[in-house]
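Coordinate inspection notes
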There are 2 protein chains.
Amino acid sequence: MKNRPYHHGDLPAALLARAEQTLREKGSGALSLRELAREIGVSPAAPNRHFKTKQALLDALALTGFERLAETLAASQEGVGAAFAARMDAAARAYVGFAVANAALLDLMFSVKHSPEASEALGAAAQQWSEQLLELIGDGQRRGEVREGQLERVALPVFAALHGYAGLAVSGMLPAEVTEHGLDDLIASILRSCAPQ
Amino acid sequence: MKNRPYHHGDLPAALLARAEQTLREKGSGALSLRELAREIGVSPAAPNRHFKTKQALLDALALTGFERLAETLAASQEGVGAAFAARMDAAARAYVGFAVANAALLDLMFSVKHSPEASEALGAAAQQWSEQLLELIGDGQRRGEVREGQLERVALPVFAALHGYAGLAVSGMLPAEVTEHGLDDLIASILRSCAPQ
DNA sequence: ACCTGAACACCGTTCAAGT
DNA sequence: ACCTGAACACCGTTCAAGT
């Protein structure tokens, strides 16, 4: 055993990885800095070097969530054709799929209690994925498959519908019978509201 | 001073009232059972008589939120006329208004981490206000101002749009310029997606 | 620079005991 | 029935000290 670093190399990454695991397995309420440190095998004060506060770790976690969401969304557009309806369908399923597969993380990403500075960084990350949706809708407009109007203003109701359906699904507000056709209905509704004339 | 009750009469109500106040003023993260007890002037163990756990108090708080939301929604329908567009417009503004005026409470109401039994009670409370929206849309169908289809399936995308816009607004994801016309755009989109044919 | 060890001021929850 | 007082096992955060 040579002079390896103090513990095992990359404490910040280890903290984030562990944190997301317990977030997924036990929910955000059970996320304790001390327990994280215990599981990784460092002292209770060690995390403080890398995340000044617990909220800072949560903010960092939310940021990775936005990045992964952007990747998921980008992947959904591969080999799906150029028609607006098909692209929107794929994007909607990707977004809702990500949401239900990462419920606690999504809660964190859109949580009310971010610090002002963190909100700035998160806003940028959120924009990163929202621009994909904007591009998709803008393309639809150019193809004549989406009604005219300022891009952001056309897109906002689409955002709201997707985000709202994901939120309802994640918080368990949708009866089981609904989940079978709910997403289909939502997509149909979005397409209707986007249609020209 | 006669033999008044142990503290001042109604500890459960006092706890709920104080809890909502600090929820509004300092956010859900700053909600401490011990501090609540301190402010009210009872021992740290007193709340336990009425709310077996902190989560139980949060669940009760969420329940009052759904009740007040239902009242707000009902009030929005008074003297608004019978036309679907007008009723939906009023309901949408009432919902989003309630959301931004009670951001932390809304977060709680649609939180992921309710206990299974609490979810049942909350589901009932949520249904209480959702039925108002269902009635509104059903009436629109009968008037021929809303497209046909199973009521719940027509309503779900509307729910999603409202809930999603509220969530985006509450979590600060909407730039300031947007809030001026965002809600108008959303309502227009909802009406478009509800239109017959 | 990165981490430890110990300390501080807080938690939620439990439980015997009081009224 | 309703609450107190004290205790238990935990927190997040700070800070001198070590390597």
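Remember, it's a predicted structure, so these values are computed and weren't measured experimentally.

Turning to the environment of Val146(B), a few remarks are in order. Residue and element names in this part refer to chain B. By the element assignment, Val146 lies in the loop between helix H6 (116–142) and helix H7 (151–170). Given the relative accessible area of 3%, Val146 is considered buried. Separated by 61 residues in sequence, Val146 and Ala85 place their C-alpha atoms 9.4 Å apart. If sequence neighbours within four positions are ignored, Val146 has contacts with Phe84, Ile137, Gly140, Gln141, Val154, Cys194 and Pro196.

With that out of the way, let us pick up the domain arrangement of chain A. Segmentation of chain A into domains returns domain 1 (1–52) and domain 2 (65–194). A C-alpha centroid distance of 31 Å is found between domain 1 of chain A and domain 2 of chain A.

Around DNA strand D, the structure places 22 residues, and the nearest of them are Arg34(A), Arg38(A), Thr53(A), Ser43(B) and His50(B). Close to the protein, within 4 Å, the atoms of DNA strand D are drawn from sugar and phosphate at a rate of 53%. The contact in question runs from a phosphate oxygen of DNA strand D to an N or O atom on the side chain of Thr53(A), over 2.3 Å. Here Lys54(A) contributes a backbone N or O atom positioned 2.9 Å from a phosphate oxygen of DNA strand D. Among the elements that make up the surface near DNA strand D, the one with the highest residue count is helix H2 (residues 33–40) of chain A (four residues).

Once that is clear, we can look at the relation of the copies chain A and chain B. Between the two copies, chain A and chain B, the superposition gives an RMSD of 0.0 Å; the rotation angle is 180 degrees and the shift along the axis is 0.0 Å. Such values leave the two copies arranged in the relation of a two-fold axis. No C-alpha of chain A lies nearer the rotation axis than that of Gly164(A), which sits 1.7 Å from it. Most of the interface of chain A is mirrored in chain B, where 100% of its interface residues are also at the interface.

Right, let's get into the interface of chain A and chain B. Contact with chain A, which involves 34 residues of that partner, is made by 34 residues of chain B. When chain A packs against chain B, the two sides together hide about 2900 Å² of surface, and 69% of this comes from carbon and sulfur. For the pair chain A and chain B, the interface holds two salt bridges. The interface formed by chain A and chain B includes six residue pairs in polar contact (both at pLDDT 80 or more). Elements supplying a minimum of two residues to the side of chain A that touches chain B: helix H5 (103–109), helix H7 (151–170) and helix H8 (178–194) of chain A. Top contributing element to the side of chain A that touches chain B by residue count: H7(A), with 12 residues. Looking at the side of chain A that touches chain B residue by residue, the class counts come to 17 nonpolar, 11 polar and six charged.

Turning next to the UniProt feature "DNA-binding region" (unreviewed entry) in chain A. According to UniProt, the positions carrying the feature "DNA-binding region" (unreviewed entry) are residues 32–51 of chain A. Summarising residues 32–51 of chain A: 40% helix, 0% strand, and an end-to-end C-alpha distance of 13 Å.

What follows is about the packing of aromatic side chains. A full pass over the atoms with the stated rule returns six aromatic pairs over all chains. With a centroid separation of 5.4 Å and an interplanar angle of 50 degrees, the aromatic rings of Trp129(A) and Phe159(A) are classed as tilted. You can see Trp129(A) sitting in helix H6 (residues 116–142) and its partner Phe159(A) sitting in helix H7, a full 30 residues away along the chain. Across the pair, exposure class does not vary: Trp129(A) and Phe159(A) are buried alike. Note on Tyr95(B) and Trp129(B): the rings are 5.2 Å apart at their centroids and 20 degrees apart in plane angle, and the pair reads as stacked. On the criterion of sequence distance, the pair formed by Tyr95(B) in helix H4 (residues 84–101) and Trp129(B) in helix H6 is long-range, its members being 34 residues apart. Of the residues examined, Tyr95(B) reaches a relative accessible area of 2% and is grouped as buried. When its relative accessible area of 5% is taken as the criterion, Trp129(B) is described as buried. Aromatic rings pair up to connect Tyr95(A), Trp129(A) and Phe159(A) into one cluster.

In the numbering used here, UniProt assigns the feature "domain: HTH tetR-type" (unreviewed entry) to residues 9–69 of chain A. Taken as a whole, residues 9–69 of chain A contains 66% helix and 0% strand, while its terminal C-alpha atoms sit 27 Å from one another.

What follows deals with helix H1 (residues 11–26) of chain B. Residue and element names in this part refer to chain B. Over its 16 residues, H1 extends 22 Å from the first C-alpha to the last, a length consistent with the 22 Å expected when each residue adds 1.5 Å. By the burial criterion, the buried members of H1 are Leu11, Ala14, Leu15, Leu16, Ala19, Glu20, Thr22 and Leu23. In the core, the buried residues of H1 are packed alongside helix H2 (33–40), helix H3 (54–76) and helix H5 (103–109).

Taken together, the side chains of Lys54(A), Lys113(A), Lys54(B) and Lys113(B) make up a positively charged region of the molecular surface. Examined against the element boundaries, Lys54(A) turns out to sit in helix H3 (residues 54–76).

Glancing now at the side chain of Asp59(A). Note that Asp59(A) resides in helix H3. The contact partners of Asp59(A), leaving out residues within four places of it in the chain, are His114(A), Ser115(A), Ala118(A) and Leu122(A).

The rules behind these values
- Residues numbered from 1 in each chain as written.
- Chains lettered and ligands numbered in written order.
- Predicted model: local features only at pLDDT ≥ 70, side-chain atom pairs only at ≥ 80, totals over all residues.
- Heavy atoms only, no water.
- Helix = DSSP H or I, 4+ residues; strand = E, 2+ residues; numbered from the N terminus.
- Buried < 20%, exposed > 50% of the residue type's maximum accessible area, 1.4 Å probe, protein only.
- Contact = heavy atoms within 4.5 Å.
- Domains from an automatic or database assignment.
- Near = heavy atom within 4 Å.
- Polar contact = N/O pair within 3.5 Å; in protein donor to acceptor, adjacent residues only side chain to side chain.
- Least-squares fit on C-alpha atoms with pLDDT ≥ 70 in both.
- Buried area = accessible area lost by both parts, 1.4 Å probe.
- Salt bridge = Lys/Arg side-chain N within 4 Å of Asp/Glu carboxyl O.
- Nonpolar A, V, L, I, M, F, W, Y, C, P; charged D, E, K, R; others polar.
- UniProt positions renumbered as here; feature names shortened; annotations may be inferred.
- Phe/Tyr/Trp six-rings, centres within 6.5 Å; stacked < 30°, edge-to-face > 60°.
- Expected span 1.5 Å × (residues − 1).
- Patch = residues over 30% accessible without salt bridge, like charges linked within 9 Å, V, L, I, M, F, W, Y side chains within 5 Å.
- Areas by Shrake-Rupley, 256 points an atom, 1.4 Å probe, with all protein chains shown as cover.
- Lys, Arg positive; Asp, Glu negative; His and termini not counted.
- Charge placed at Lys NZ, Arg CZ, Asp CG, Glu CD.

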